[in-house]
Amino acid sequence: AVHSAKLLEDLIPAGSKSQAEAVVEVLRAKQGRGMLWVMDGWDELPVQLRTNSIFHGLIKSPRKLNLHFSAVIVTSRPVASGDLYPFISSRVEILGFTPTEVKQYFTEALHDEQAVEKLQKCLREHPVIEASCYTPLNAAIVTHLFLAQGQSLPTTLHGVFTSLVICCLIRHMTKKGIGEVDISSLDHLPSCLEEPFCKVCTLAYHGIMDNKATFSAKELEKLKLPEKLDTLGLIQGVESIASFQKSVSYNFLHLSVQELLA
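Residues numbered from 1 in each chain as written. Predicted model: local features only at pLDDT ≥ 70, side-chain atom pairs only at ≥ 80, totals over all residues. Heavy atoms only, no water.

Examining the overall build of the chain
1) Next: On a plain count of helices and strands, the chain comes out with 11 helices and 4 strands.
2) Next: Principal axes of the C-alpha set define a box for the chain whose edges measure 60 × 45 × 30 Å.
3) Next: The buried share among the 262 residues of the chain stands at 37%.
4) Next: Surface summary for the chain: the accessible area is close to 15,500 Å², and the carbon and sulfur share equals 55%. (Helix = DSSP H or I, 4+ residues; strand = E, 2+ residues; numbered from the N terminus. Buried < 20%, exposed > 50% of the residue type's maximum accessible area, 1.4 Å probe, protein only. Areas by Shrake-Rupley, 256 points an atom, 1.4 Å probe, with all protein chains shown as cover.)

Shown next as structure tokens:
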């Protein structure tokens, strides 16, 4: 797994360790010329891996790895990447939606000017939620909830993500053929959901305590979730080839969902 990588060889997708070692030898012989490293989601790495790991070396001291002609692109929330600024040659910040683009997104998603006006009025009354909509994903979540809740919105970000979790649970149960349910609160779930939901919350809690946002298949297996319910639609699998064989890691749909469940 990427998080456990100790050597460059661990980051090379190859059929065997010897093949990965051969690729690294070529890279070092060329001192990294023509090589681009893309580190997507720097802010999702545990703190210790940002300060003492192969990733730290690639960004802050590539000469020590004999890769000083390679290029490195790091993506991160700006608030979590300030320590990198002294080591980078250029920085680009993606600001997300402007207010005009937020309205354009709402218009294209809702296809109803009156609904757009009502949604924007709701958001003006709750500026914290309104401010979060500069992120396209958050704008999509808000639009979905606005439609799902009869053109109304929760009044806090906590309420937004609570409602999102409830929507995911209802959709998942319907998709699995368990039947339609009415869930008004995460504190009062149908009996069939109580135990698996508690286990998913425990996983979220331990992840937060360990500064961890991705989980292995073995960690999910330890939860012993019912096959028909599996991860309740709150966790997704992402296939990775950054090892000697393909592997799948798992994460919650949104970091705020993990924080809420923890």
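Some thoughts on the pattern of salt bridges
1) Next: The tally for this structure, following the rule as stated, stands at 3 salt bridges.
2) Next: Residues Lys199 and Glu195 are paired through a salt bridge, measuring 3.5 Å at the closest nitrogen-oxygen approach. Placement of both Lys199 and Glu195 in helix 9 (residues 191-209) is noted, with a separation of 4 residues, approximately one turn of the helix.
3) Next: Where Glu219 meets Lys212, a salt bridge forms, and the shortest distance between an N and an O atom there is 2.5 Å.
4) Next: Since its relative accessible area comes to 24%, Glu219 is described here as partly exposed. (Salt bridge = Lys/Arg side-chain N within 4 Å of Asp/Glu carboxyl O.)

A look at the nonpolar core
1) Next: Within the largest apolar cluster, 44 residues are counted, with the highest numbers of intra-cluster contacts made by Leu169, Phe197, Leu234, Phe252 and Leu261.
2) Next: Listing elements by their share of this core, those giving two or more residues are helix 4 (99-110), helix 5 (113-125), helix 7 (136-148), helix 8 (157-175), helix 9 and helix 11 (255-261).
3) Next: The biggest single contributor to this core is helix 8, with 9 residues.
4) Next: Other than its neighbours up to four places away in sequence, Leu169 contacts Ile183, Leu186, Leu189, Phe197, Leu232 and Leu234.
5) Next: Listed in part, the 20 residues of the second largest apolar core include Leu27, Met39, Trp42 and Leu84. (Core = buried A, V, L, I, M, F, W, Y, C linked by side-chain atoms within 4.5 Å. Contact = heavy atoms within 4.5 Å.)

So, the packing of aromatic side chains
1) Next: Per the counting criterion, the structure on display carries 3 aromatic pairs.
2) Next: Arranged with centres 6.0 Å apart and planes meeting at 85°, the rings of Phe215 and Phe252 form a pair that is edge-to-face. Here the residue Phe215 occupies a position in the loop between helix 9 and helix 10 (217-221), and Phe252 occupies one in strand 4 (residues 247-252), the gap between them amounting to 37 residues.
3) Next: Each member of the aromatic cluster is reached from another via a ring pair, and the members are Phe97, Tyr105 and Phe106.
4) Next: Cation over ring: Arg33 sits above Phe69, and NZ or CZ is 4.0 Å from the ring centre. (Phe/Tyr/Trp six-rings, centres within 6.5 Å; stacked < 30°, edge-to-face > 60°. Lys NZ or Arg CZ within 6 Å of the ring centre and 35° of its normal.)

Let's talk about the side chain of Asn138
1) Next: Inspection of the secondary structure puts Asn138 in helix 7.
2) Next: Taking the relative accessible area as the measure of exposure, Asn138 reaches 14% and is therefore buried.
3) Next: Engagement of the side chain of Asn138 in a polar contact is seen with the backbone oxygen of Ser132, the distance being 3.3 Å.
4) Next: Not counting the four nearest positions on each side in its chain, Asn138 is found in contact with Ser132, Phe161 and His254. (Polar contact = N/O pair within 3.5 Å; in protein donor to acceptor, adjacent residues only side chain to side chain.)

Side note on a nonpolar patch on the surface
1) Next: There is a patch of nonpolar side chains on the surface, built from Leu36, Val38 and Ile73 and spanning about 270 Å² of accessible area.
2) Next: Secondary-structure assignment places Val38 in strand 1 (residues 36-40). (Patch = residues over 30% accessible without salt bridge, like charges linked within 9 Å, V, L, I, M, F, W, Y side chains within 5 Å.)

Here we look at helix 9
1) Next: Taking 1.5 Å of rise per residue, the 19 residues of helix 9 would be expected to cover 27 Å, and the 28 Å separating its terminal C-alpha atoms lies within 8% of that figure.
2) Next: Looking at helix 9, one finds that the buried residues are Leu193, Pro196, Phe197, Val200, Cys201, Leu203, Ala204 and Gly207.
3) Next: Looking one or two residues beyond helix 9, the residue adopting positive phi is Asn211, at roughly 55°. (Expected span 1.5 Å × (residues − 1).)

So, the environment of Glu194
1) Next: Examined against the element boundaries, Glu194 turns out to sit in helix 9.
2) Next: Each C-alpha atom of the pair Glu194 and Leu119 lies 33 Å from the other, and the pair is 75 residues apart in sequence.

Considerations on the side chain of Thr143
1) Next: By the element assignment, Thr143 lies in helix 7.
2) Next: One polar contact links the side chain of Thr143 to the main-chain carbonyl oxygen of Ala139, over a distance of 2.8 Å.

Re unusual backbone geometry
1) Next: Its identity is not glycine, yet Gln31 carries a phi of approximately 55°, on the positive side.
2) Next: Mapped onto the secondary structure, Gln31 falls in the loop between helix 1 (17-29) and strand 1.
3) Next: Since its relative accessible area comes to 24%, Gln31 is described here as partly exposed.

Note that every value here comes from positions in space, so none of it alone points to a role or purpose.
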